[in-house]
Amino acid sequence: MSAIRTFSEAASAAVSPASLASTAAAAAASVVAASASASSSPAAASVVAASASSPGAGTGATGHRAPRAPKQPKAAVDAGAAPNKRSPKPAASGSSSSSSGASGASGSGAAPKKSVLLPSPLPIADIGINLAHDHFARDVEHFLRRAAEVNVTTMVITGTSMRGSVEALELARRHGMHATVGVHPHDAKSCTTGTIPKMRQLFTSADTASLAVAVGECGLDFDRNFSPQDVQMKWFEEQLKLAVELKKPVFLHERSAHEAFVRILEPYMPQLTGAVVHCFTGTDAELKKYLSMGCHIGITGWICDERRGTDLAKIVHQIPLDRLMIETDAPYLIPRNIRPRQSQNEPAFLPYVLEMVAQCMGKSVEEVARGTFETTRRFFQLPESALPAAASS
Ligand SMILES: [Zn+2]
């Protein structure tokens, strides 16, 4: 699409000079240096200070630890306050990519209207995409086309319930992708004695075995407690046992439950093929613990959030590229470094996560793209045939 600019052009155009990305770029470099010797740095504080005055701060976004207003007990998702229903199309997904307006332009007068799409220079993989969500159901092809335009070539669709896992597998089959099969802690209370046998069947039956690449999303969420904690723990462990039996990696969710989560997971680590703590948003100590256990880490647009992501931005550099993967968790967790701001996330926005991770790590976008892509391929044991032949540019 002609509206797409090169990565670096778009990166600078997509944000105004005083906005998060440029601030964070400068700060991140300092943070990387500073965090080697101190846990808090003036640079990090400046990110908070600078961004606190940005337009729209404190509104709109939703996420893992956002305070919840009304209860949404059926939402097996990461973003508690995220609308779990059909909603108006985001501006950028309208009939024309230029319909998103020029409010993100930074004072160049008659500048052409800009697309919010930011192409990655190399193929990248979204390891956490809720493609079975109603938001995408209207026109999956539309969202996949946009993702392909920005070099998001590979996706692992998240299964969060038995029904959702079956839907994820069907989408994977139809669109040449892969999926996880599991039950999110929010849905643990729906598990029965038939759940694990049903999961086993999806991993082993001829028509779905090659599509199901990990057990999960499973784990513990003591933040919202949509399922009782003892029930969550029981079904988390049952799914770990299944992963060991099937020799499949696990796709893990942990929210406000680090200690119990480690207590259950750690004994299984030597037997597990692999474990990724998806959408990691925890503390420095929690990150160090997960890395010491041999876990992989998934990073979402949380890191782009100038209000809640600054702690994560300071510690992400500790994750070796062979343990790091990136994800959108769309339609939740919109990267807040997109200009103009978007209301709902989609896989085409993954390059914004890539960009921020690269800045925070002090590495090039290309290096992080290449590293996370290779890690994804290896972790999920994706077949060569599922991968793009070459980068598009
Ligand atoms: Zn999750």
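To be clear, the structure that these remarks concern was listed above.
From a predicted model like this one, the values you see are computed outputs, not experimental measurements.

**Section: the pairing of strand β2 (residues 152-157)**
So, point 1. Here β2 lies mainly inside the structure; six of its six residues are buried.
So, point 2. Strand direction decides the pairing type here: strand β1 (residues 124-129) and β2, joined by four bridges, are parallel. Paired with Ala 125 across the strands is Thr 154, a residue of β2.
So, point 3. Pairing of β2 with strand β3 (residues 178-181) involves two bridges; the strand directions are parallel. For Val 156, the partnering residue across the bridge sits in β3 and is His 178.

**Things to note about the sheet that holds strand β5 (residues 250-255)**
So, point 1. With parallel pairing, the eight strands of this open sheet are ordered in space as β1-β2-β3-β4-β5-β6-β7-β8. Both edges of this open sheet fall to β1 and β8 (324-326), since each of them pairs with a single strand only. Within the sheet, the average angular offset between the axes of one strand and its neighbour, ignoring direction, is 30°.
So, point 2. With three bridges connecting them, strand β7 (residues 296-299) and β8 associate as parallel partners.

**Some words on the packing of helix α7 (residues 195-204) against helix α8 (residues 229-246)**
So, point 1. Packing of α7 against α8 brings their axes to within 11 Å, and their N-to-C directions diverge by 30°. Classified by the angle between their axes, α7 and α8 sit roughly parallel to one another. In the crossing of α7 with α8, the sense of the turn from one axis to the other is right-handed. Contact residues: Ile 196, Met 199, Arg 200 and Phe 203 in α7; Glu 238, Leu 242 and Leu 246 in α8.
So, point 2. Class assignment of the residues belonging to the contact of α7 with α8 gives a composition of five nonpolar, no polar and two charged.

**A look at the nonpolar core**
So, point 1. If you look at the biggest cluster of nonpolar residues, it comprises 95 residues, and the most contacted ones within it are Ile 157, Ile 303, Val 316, Val 353, Leu 354 and Val 357.
So, point 2. With nine residues, the top contributor of residues to this core is helix α12 (residues 350-361).
So, point 3. Contact partners of Ile 157, with chain neighbours within four places excluded, come to Ile 129, Leu 131, Ala 132, Ala 168, Leu 171, Ala 172, Met 177 and Ala 179.

Criteria and cut-off values
Residues numbered from 1 in each chain as written. Predicted model: local features only at pLDDT ≥ 70, side-chain atom pairs only at ≥ 80, totals over all residues. Buried ≥ 20, exposed ≤ 12 C-beta atoms within 10 Å, placed from the backbone. Helix = DSSP H or I, 4+ residues; strand = E, 2+ residues; numbered from the N terminus. Pairing = 2+ DSSP bridges. Axes fitted to C-alpha atoms, helices over the stretch in contact; angles between N-to-C directions. Parallel < 35°, antiparallel > 145°, perpendicular 65-115°, else oblique. Left-handed = near helix turned anticlockwise from the far one by under 90°. Contact = placed C-beta atoms within 7 Å. Nonpolar A, V, L, I, M, F, W, Y, C, P; charged D, E, K, R; others polar. Core = buried A, V, L, I, M, F, W, Y, C linked by C-beta atoms within 7 Å.

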